[in-house]
Amino acid sequence: MRVARPGYVNKRLHAVSIGPIACDTVIEHTTTGTQGYQDMAGKFELYKDGSGDFRFRLKAGNGQVIAVGEAYESKAAALNGIESVRNNALDAVLDDQTD
């Protein structure tokens, strides 16, 4: 998963950088802000890329993409990826590799 700037839906989701994405079909799954952070509703978008693989991205309430998942061969695998982010992000630690 690639993640952009901290401080939008979950401040702990900022270990790596964002890259380009493509979108054909979008299915929305919503999530809410984390206690102690700005309370903006975010959403997961599930879509097929140009190669026919399933992908997801996490958008902040303002529409900015803050995380992008890898390519999955099935919709079920992509949905599992979304659930993994939901389950693991709250306890994720920052591994700052810039030093």
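To keep things clear, this report deals only with the structure shown in the data block. Values in this document were obtained by computation on a predicted structure and should not be read as measured data.

The next subject is the pairing of strand E4 (residues 54-59). Along E4, five of the six residues are buried, which leaves the element largely enclosed by surrounding structure. Judged from the six bridges that link them, strand E3 (residues 42-48) and E4 form a sheet pairing that is antiparallel. In the strand pairing of E4, Phe44 is matched with Leu58. Turn length for the E3-E4 hairpin, with the two strands adjacent in sequence and antiparallel, is five residues, and the turn residue Gly52 shows positive phi of about 90°. If you look at the hairpin formed by E4 and strand E5 (residues 65-68), you'll find five residues sitting between the two strands, and Gly63 has a positive phi there, around 90°.

This part is about the packing of aromatic side chains. Here the structure, examined in full by the defined rule, presents two aromatic pairs. Relative to Phe56, the ring of Phe44 lies with its centre 6.0 Å away and its plane at 65°, an arrangement referred to as edge-to-face. In this pair, Phe44 sits in strand E3 while Phe56 sits in strand E4, placing the two residues 12 residues apart along the sequence. Exposure class is identical for Phe44 and Phe56. Each is buried. On the numbers, 6.2 Å between centres and 20° between planes, the contact of Phe56 with Tyr72 is stacked.

Glancing now at the nonpolar core. Within the largest apolar cluster, 13 residues are counted, with the highest numbers of intra-cluster contacts made by Phe44, Phe56, Leu58, Tyr72, Ala78 and Val85. For this core, the elements supplying multiple residues, two or more each, are E3, E4, E5 and helix H1 (75-89). Residues contacting Ala78, with those up to four places away along its chain left out, are Leu46, Phe54, Phe56 and Tyr72.

Parameters at a glance
Residues numbered from 1 in each chain as written. Predicted model: local features only at pLDDT ≥ 70, side-chain atom pairs only at ≥ 80, totals over all residues. Heavy atoms only, no water. Buried < 20%, exposed > 50% of the residue type's maximum accessible area, 1.4 Å probe, protein only. Helix = DSSP H or I, 4+ residues; strand = E, 2+ residues; numbered from the N terminus. Pairing = 2+ DSSP bridges. Phe/Tyr/Trp six-rings, centres within 6.5 Å; stacked < 30°, edge-to-face > 60°. Core = buried A, V, L, I, M, F, W, Y, C linked by side-chain atoms within 4.5 Å. Contact = heavy atoms within 4.5 Å.

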